[in-house]
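Analysis of the macromolecular model
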Amino acid sequence: MHVITNYTAKAGAEAMLSRLLRVSMEPALVVSLIDISDSNRWLEGGSIRYVPLQLQSVAGAVPAIVRLSQLIAKERPRVVLCWMYHAMIAGVLAARLSGHRVPVFWNVRQSLDDPSALSWNTRQAVRLARRLSRLPDGIIFNSARAMEHHRNFGFRNDNMEVIPNGFEPVAVQPACRKPEVFGIAARLHRQKDHGTFFRAAAMVHQRHPATRFLAVGAGLRDDNEMVRSMMAESGLPDSAIMLRGEVADMDAFYRSIDVLVLSSRTEGFPNVVAEAMSYGRPVVTTDVGEAAAVVGDTGLVVPPGNPNALAEGMCRMLDIDFPGYVDLSTAARRRVDENYSLPQVVRRYDTFIGHG
């Protein structure tokens, strides 16, 4: 049984859960505390079943935990794997209420680089999870930095392991031009720090007027007043950037850019970084979560919250000659294939959960 806080998006945790379900040989029940989108039900009808608990407010938390405990008692799963803080709390409490002795594992998907970038609700969940952290049979972190941060914050468990996200190989064509288009893929949220991205993009555009930018993610649309305000404040002209909002075809996004940019203030294991690299797209990223470890020497890493440093990183990419860009592109793809292959990661999940 997988328990996840919300399964309506295709962000990092949701995407990794979907990959795990697709390649797993075992039947599974996916329980979302909030809801499940139709796009995330694509495995339904086979060995995968989905149950949304429709939790809408804090007042509904106790009934949701009781409902989850009833599901555990009825289904008698071999193991319960809880994704993200709220699901971690609900899962470990529901398992105790169920009367069915079942191993419960937590799956932490977030570093604590900048806790102030998290919502108030999430910060409270982190504090409560810290108090309950001895209860699960084991804790998975998707980055070494996440495990270090949570240990320092007070998470205590004798069975903790880092298991990164896994990715499938992508068929791509060799690079055919120097970098021209920078892309960012992140929902509009203070954690993602789009303000820094827009300011950096404006600086780059002033120095290299032919450069273009592409932004995708929930909220990143022309009719969003918050986005319009950030762009106006940054000085980035409308003609330099395309705002596409949330897109289903991420394959087309990665193929249409030359370099990915991550401007986040905090992350766990940012999927978009490794996904872009699997398409042979080098990355300019802030030093958050596991981003620097994933990129290695195939891209550029800058401090978070620093538009000047982010702009300088993008300009360095623009200054690379074509053979140098091809080398980075090839190295980025190879790094993901060698270190973050999906079959390898799935085996690590199976080993940890099976012998936790």
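Reference entry: report on the structure contained in this document.

Quick notes on the side chain of Ser329
- The topology assignment puts Ser329 in helix α12 (residues 322-339).
- Once residues within four sequence positions are removed from consideration, Ser329 is found in contact with Gly280 and Pro282.

Considerations on the sheet that holds strand β2 (residues 28-32)
- An order of β3-β2-β1-β4-β5-β6-β7 is seen for the seven strands of this open sheet, with the pairing classed as parallel. If you trace the sheet from one side to the other, it starts and ends with β3 (48-52) and β7 (160-162), each paired once. Geometrically, the sheet is characterised by an average inter-axis angle of 20 degrees between neighbouring strands, direction not taken into account.
- The sheet contact formed by strand β6 (residues 138-141) and β7 spans three bridges and is parallel. Opposite Phe141, over in β7, you have Val162 as the bridge partner.
- Strands in contact with helix α3 (residues 85-98) are β1 (2-4), β4 (80-83) and β5 (104-108); relative to β5, the strand with the most contacts, it is inclined by about 175 degrees.

Points about the layout of surface pockets
- Estimated volume of the second largest pocket: approximately 410 Å³.
- Lining of the second largest pocket is provided by 19 residues; of these, Met1, His2, Pro27, Ala28 and Val79 occupy positions nearest its centre.
- Counting only elements with at least two residues in the lining of the second largest pocket, the list comes to α1 (12-23), β2 and α13 (342-355).
- The greatest single-element share of the lining of the second largest pocket, amounting to four residues, is contributed by α13.
- Split by residue class, the lining of the second largest pocket holds 12 nonpolar, two polar and five charged.

Here we look at unusual backbone geometry
- One non-glycine residue, Gln54, adopts positive backbone phi at about 60 degrees.
- Tracing the backbone through its elements, the reader meets Gln54 in the loop between β3 and α2 (61-75).
- One non-glycine residue, Asp193, adopts positive backbone phi at about 55 degrees.
- Take Asp193: it is sitting in the loop between β8 (181-185) and α6 (194-207).

Quick word on the environment of Ile139
- Tracing the backbone shows Ile139 in strand β6.
- The spacing of Ile139 and Val294 is 155 residues in sequence and 21 Å in space, taken between C-alpha atoms.
- Not counting residues up to four positions away in its chain, the partners in contact with Ile139 are Trp106, Val108, Ser133, Phe155, Asn157, Asn159, Met160, Glu161 and Phe352.

Conventions we followed
- Residues numbered from 1 in each chain as written.
- Predicted model: local features only at pLDDT ≥ 70, side-chain atom pairs only at ≥ 80, totals over all residues.
- Heavy atoms only, no water.
- Helix = DSSP H or I, 4+ residues; strand = E, 2+ residues; numbered from the N terminus.
- Contact = heavy atoms within 4.5 Å.
- Pairing = 2+ DSSP bridges.
- Axes fitted to C-alpha atoms, helices over the stretch in contact; angles between N-to-C directions.
- 1 Å grid on protein atoms, 1.4 Å probe; cavity = no way out; pocket = protein on both sides within 12 Å on 5 of 7 lines; lining within 4 Å.
- Points joined across faces, edges and corners; volume = space filled by probe spheres on them.
- Nonpolar A, V, L, I, M, F, W, Y, C, P; charged D, E, K, R; others polar.

Remember, this is a structural readout, not a statement about activity or role.
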